[in-house]
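# Descriptive analysis of the structure
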Amino acid sequence: MRLGIISDTHGCVKAWEDALKGPFQDVDLILHAGDVLYHGPRNPLPKQYNPSTLAAIMNRCSIPILAAKGNCDSEVDQMVLDVSLQAPYFITEQPIGRVLVTHGHTYSEDMIQALAQKFNIDIWVSGHSHVPGLQRQGSTIYLNPGSPSLPKGSEPRRSVALITQEEIQLIDLDSGRPYENMSLKRLL
């Protein structure tokens, strides 16, 4: 079992293609944490911004995709995507445990912890900030894959994440190498 985790593609064809040709080439499922097609009024246009082409590519993708609705996703986006943009979150049962995926723009820290506890979440995936992160708090792992199109933070890098039975990796799309990981062996 291999899960590709991506967020904040913001209509960037290159971001999606780099993930599919790189770390996602042999994944079983892609989980997208929102802001799929539109770049949003506060963001610059990503290189290779072409939301209609990205929608067509995603619709033809042979790998199943589950997606959360982001703050930049709209009803018009859903009209061109075959992938259902689920809001405010979705939960999927995987061999590594229960995974909740949300864009994350509407939750306070208290709400996040309460929902994680209420639904017995093993891995909480969110995007929105464009800043990658991987940490464990109590029995829940919190993962933000960053953004492959419009990275932010003190060390901006185009990134995605990969989850296997053994570990979670944050991957730099430009080098193709993991730069942070967390073992899952003791969780199983």
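For the structure itself, look to the data block above.
Here the structure is a predicted model, which is why all the values come from computation and not from measurement.

## A short note on helix H4 (residues 109–118)
Restricting attention to buried positions, one finds in H4 the residues Ile112, Leu115 and Ala116. Within H4, the buried residues cover an arc of 100° as seen down the axis, which keeps them to one side. Along H4, the residues that are exposed and aim more than 90 degrees away from the buried face are Asp110, Gln117 and Lys118. One or two steps after H4, the chain reaches Asn120, where phi turns positive at roughly 50°.

## Here's the deal with the nonpolar core
If you look at the biggest cluster of nonpolar residues, it comprises 25 residues, and the most contacted ones within it are Trp16, Phe24 and Ile30. Where this core is concerned, the elements lending two or more residues are helix H1 (13–21), helix H2 (51–60), strand E3 (65–68) and strand E10 (159–164). The contact partners of Trp16, leaving out residues within four places of it in the chain, are Ile6, Thr9, Ile30, His32, Leu54, Ile57, Met58, Cys61 and Ile65. By size, the runner-up hydrophobic cluster in this structure holds 21 residues, among which are Leu29, Val101, Ile123 and Leu134.

## Overview of the packing of H1 against H2
Where H1 contacts H2, the two axes come as close as 9 Å, and the packing angle between them is 25°. In terms of their interaxial angle, H1 and H2 are classed as roughly parallel. Of the residues in H2, those touching H1 at Val13, Trp16 and Glu17 are Thr53, Leu54, Ile57 and Met58. Residues that form the contact of H1 with H2 fall into these classes: 5 nonpolar, 1 polar and 1 charged.

What counts, and at which threshold
- Residues numbered from 1 in each chain as written.
- Predicted model: local features only at pLDDT ≥ 70, side-chain atom pairs only at ≥ 80, totals over all residues.
- Heavy atoms only, no water.
- Buried < 20%, exposed > 50% of the residue type's maximum accessible area, 1.4 Å probe, protein only.
- Helix = DSSP H or I, 4+ residues; strand = E, 2+ residues; numbered from the N terminus.
- Arc of directions from axis to C-beta.
- Core = buried A, V, L, I, M, F, W, Y, C linked by side-chain atoms within 4.5 Å.
- Contact = heavy atoms within 4.5 Å.
- Axes fitted to C-alpha atoms, helices over the stretch in contact; angles between N-to-C directions.
- Parallel < 35°, antiparallel > 145°, perpendicular 65-115°, else oblique.
- Nonpolar A, V, L, I, M, F, W, Y, C, P; charged D, E, K, R; others polar.

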